[in-house]
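Okay, here's what each chain looks like letter by letter:
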Amino acid sequence: MQEINFTSTILKNDIATIALMAANQGEGNTTATVEMAFAMKTYSKGRVLTVDMSAMGPGLADAIRQRVGKELEYGQKEEFGPVNGVMAHSDGVFILSLDEGEAEKLNLDRKKTAAWLETLASSYDYVLFDMPSFSRNPEYVIFLQSVNGVVLTLNCKTSRWDSALNMKERLSEANVNIIGAVLNQRIFPIPGSIYSLL
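(A) Structural context of the pairing of strand S8 (residues 178-184). For S8, a buried count of 6 out of 7 residues is recorded, marking the element as mostly surrounded by other parts of the structure. Here 6 bridges tie strand S7 (residues 149-155) to S8, and the two strands are oriented parallel to one another. Bridge pairing in S8 places Thr153 opposite Val182. Regarding topology, helix H7 (residues 161-173) serves as the crossover connection from S7 to the parallel S8, and that connection is right-handed.

(B) Inspection of the packing of aromatic side chains at higher detail. Throughout the structure, instances matching the rule amount to 3 aromatic pairs. Here a set of aromatic residues connected by ring pairs shows up, and it is made of Trp116, Phe129 and Phe143. Here the guanidinium or amino end of Arg47 rests over the ring plane of Phe94, the centre of that ring lying 4.8 Å away.

(C) Region of interest: H7. Relative to the 18 Å expected for 13 residues at 1.5 Å per residue, H7 spans 18 Å between its end C-alpha atoms, a close match to the ideal helical length. Taken together, the buried positions of H7 are occupied by Ala164, Met167 and Leu171. One side of H7 holds all its buried residues, which, seen down the axis, span an arc of 65°. Seen from the open side of H7, the exposed residues pointing more than 90 degrees away from its buried face are Trp161 and Glu173. Where H7 is buried, its residues meet strand S1 (17-22), helix H6 (141-146), S7 and S8. In the segment just after H7, Asn175 is the residue with positive phi, at about 60°.

(D) Layout of the side chain of Asn155. By secondary structure assignment, the location of Asn155 is in strand S7. Asn155 sits in the buried class, given a relative accessible area of 6%. Contact partners of Asn155, with chain neighbours within four places excluded, come to Gly26, Glu27, Asn184 and Gln185.

Criteria and cut-off values
- Position numbers for residues start from 1 in each chain and track the written sequence from start to end.
- Residues qualify for local features only when their pLDDT is at least 70, as the model is predicted, and side-chain atom pairs are given and counted only at 80 or more; totals for whole chains, interfaces and linings, by contrast, use all residues.
- In computing side-chain properties, one takes all heavy atoms of the structure into account and sets aside hydrogens as well as water.
- Accessibility here uses a 1.4 Å probe with only protein chains present; expressed as a share of the type maximum, an area under 20% marks a residue as buried, one over 50% as exposed, and anything in between as partly exposed.
- Helix and strand assignments come from DSSP, with helices taken as H or I runs of at least 4 residues and strands as E runs of at least 2, each series counted from the N terminus.
- We call two strands paired when DSSP finds no fewer than two bridges between them.
- Handedness of a crossover is defined as follows: with both strands directed away from the viewer, a clockwise route from the first strand across the helix to the second makes it right-handed.
- For this analysis, a ring pair means two rings from Phe, Tyr or Trp (six-membered ring only for Trp) whose centres lie within 6.5 Å, classed as stacked if their planes differ by under 30 degrees, edge-to-face if by over 60, and tilted for the remaining angles.
- Note on geometry: a ring has a charge over it if NZ (lysine) or CZ (arginine) is within 6 Å of the ring centre and within 35 degrees of the ring normal.
- Multiplying 1.5 Å by the residue count of a helix minus one yields the expected span of that helix.
- Note that the arc is computed from the directions linking the helix axis to the C-beta atoms.
- Contact criterion: two residues are considered in contact whenever any of their non-hydrogen atoms come within 4.5 Å of each other.

Take a look at the structure:
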């Protein structure tokens, strides 16, 4: 795995659909999805859709609302290809919150999933999927094989090396395209001699 460089890894390649997945719940996957979405919006000037695939945690819409500091503009509940959900947007980033149980449908039929991803990619420049944790949902491998790339989310303070390595190995064995990792809560301590110059 490598550090993701937006200009070389994502923006210059045909990577339009990206799933973010952590080994365990609470490692900052939703936060990483939100920050990546706004970074991609800023650098690409394109349309970015985020899809909440996880029913666990506070939710993608809540995280985006906290980031922008205002309420989201919600649409009506509707059908989005093989799944149902509600669309919202804020500051140029769109959010699709799937109804409970809808995400599992995408893992059952590879052809429907591929067609749905193609439809989303034709309407948005980038589509980011906030996935449930791998430890609770390893069956999402079929969905992960359908996206252009997967970014692993790790918390430097709490992620266990063996869990992260197990996730990486299982995804690699399933031919999932791992394009990088996000290291949450990584600390770069500044030595005192340099800090005094600041």
